[in-house]
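Spelled out, the chains give:
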Amino acid sequence: MKVAIIMGSDSDLPVLEPAIATLAEFGVGAEVTVASAHRTPEKVREFVATAAAGGAGVFIAAAGAAAHLPGVVASFTTLPVIGVPVNSTSLGGMDALLSIAQMPPGIPVATMAINGAKNAALFAVQVLATADPALREKLAEHRRAMAAEVEKKAAKIAATLGR
Ligand code: RP5
């Protein structure tokens with residue numbers, strides 16, 4: 001397992017699914033759990049310690065509302081923590097975004113966009129790729145594929161408009 005994913009509730013899972021799928025696409029092992037900074041703080045501490053001891057190189061932590069989970073995860077490890085604010089309240093995820101992004105100096109969390117789970121996975125792969133040339137090549141290929149998709153769309157629109 002290279003990436004440890006922790007979410008505050010099972011209700012966050014649909015938001016995290018693109019991250020899980022993206023890591024699988026890159027062949028990066030992931031362990032996924034539900035643990036809450038407020039409701040099961042001891043479980044959070046244990047999961048972080050076990051994942052770090054088990055070879056995780058980076059954490060993805062996702063939560064909604066007053067989202068303390070990514071900061072709490074970061075408090076237990078010096079491994080990089082990527083935070084995903086989840087849109088799960090009437091504030092549309094702004095509450096979680098600010099809770100995660102506005103970490104006081106000393107314990108950073110790399111904050112993604114609201115519901116930005118796919119980028120969290122890509123960022124995790126980029127972190128791991130700093131020490132893994134094969135992963136770097138997979139990232140380069142992924143970008144080439146995205147560029148080819150854009151060109152395909154441009155060609156389709158040009159054909160539709162007859163230009
Ligand atoms: C947060 O509260 C969770 O991360 C979730 O986004 C939100 C709602 O949790 P549930 O009430 O669905 O368990 O802690």
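The model shown is predicted, which means the values in this text are computed figures rather than measured ones.

Student: An account of the layout of surface pockets is requested, with residue identities and associated values reported.
Tutor: One number sums up the size of the largest pocket: a volume of about 190 Å³. What lines the largest pocket is a set of 16 residues, among which Gly8, His38, Arg39, Ala63 and Gly64 lie closest to the centre. Among the residues making up the lining of the largest pocket, the classes are represented as six nonpolar, eight polar and two charged.

Student: Please provide a residue-by-residue account of the site of the ligand, values included.
Tutor: The environment of the ligand is made up of Gly8, Ser9, Ser11, Asp12, Arg39, Ala63, Gly64 and Ser88. Within the side chain of Ser11, a nitrogen or oxygen atom sits 2.6 Å from an oxygen atom of the ligand. Taking Gly64, its main chain carries an N or O atom lying 3.0 Å from an oxygen atom of the ligand. Taking 360 Å² as the accessible area of the ligand by itself, protein coverage stands at 69%. Given that more than half its atoms are within 2 Å of the pocket grid, the ligand belongs to the largest pocket.

Student: I'd like to hear about the packing of helix α1 (residues 13-25) against helix α5 (residues 117-129), residue by residue, with values.
Tutor: One can describe the packing of α1 onto α5 by two numbers: an axis separation of 7 Å at closest approach and a directional angle of 30 degrees. Seen along the crossing, α1 lies across α5 with a hand that is right-handed. Across the interface between the two elements, Val15, Leu16, Pro18, Ala19, Thr22 and Leu23 from α1 touch Ala117, Lys118, Ala121, Leu122 and Val125 from α5. Across the contact of α1 with α5, the residue classes tally to nine nonpolar, one polar and one charged.

Student: With reference to specific residues and values, describe a nonpolar patch on the surface.
Tutor: A cluster of nonpolar side chains, contributed by Leu91, Met94 and Leu98, occupies part of the molecular surface with about 300 Å² of accessible area. Position of Met94 relative to the elements: it lies in helix α4 (residues 94-101).

Student: Describe the sheet that holds strand β3 (residues 58-64), naming the residues involved and giving the relevant values.
Tutor: Spatially, the five strands line up as an open sheet ordered β2-β1-β3-β4-β5, and their pairing is parallel. Here the strands that pair on one side only, and so sit at the sheet edges, are β2 (30-34) and β5 (110-111). Two strands pair when backbone bridges link them, and β3 and strand β4 (residues 81-86) are joined in this way by six bridges, in the parallel orientation. By the bridge assignment, Ala62 is partnered in β4 with Val84.

What counts, and at which threshold
- Residues numbered from 1 in each chain as written.
- Predicted model: local features only at pLDDT ≥ 70, side-chain atom pairs only at ≥ 80, totals over all residues.
- Heavy atoms only, no water.
- 1 Å grid on protein atoms, 1.4 Å probe; cavity = no way out; pocket = protein on both sides within 12 Å on 5 of 7 lines; lining within 4 Å.
- Points joined across faces, edges and corners; volume = space filled by probe spheres on them.
- Nonpolar A, V, L, I, M, F, W, Y, C, P; charged D, E, K, R; others polar.
- Near = heavy atom within 4 Å.
- Polar contact = N/O pair within 3.5 Å; in protein donor to acceptor, adjacent residues only side chain to side chain.
- Areas by Shrake-Rupley, 256 points an atom, 1.4 Å probe, with all protein chains shown as cover.
- Sits in = over half its atoms within 2 Å of the grid points.
- Axes fitted to C-alpha atoms, helices over the stretch in contact; angles between N-to-C directions.
- Helix = DSSP H or I, 4+ residues; strand = E, 2+ residues; numbered from the N terminus.
- Left-handed = near helix turned anticlockwise from the far one by under 90°.
- Contact = heavy atoms within 4.5 Å.
- Patch = residues over 30% accessible without salt bridge, like charges linked within 9 Å, V, L, I, M, F, W, Y side chains within 5 Å.
- Salt bridge = Lys/Arg side-chain N within 4 Å of Asp/Glu carboxyl O.
- Pairing = 2+ DSSP bridges.

Note that every value here comes from positions in space, so none of it alone points to a role or purpose.
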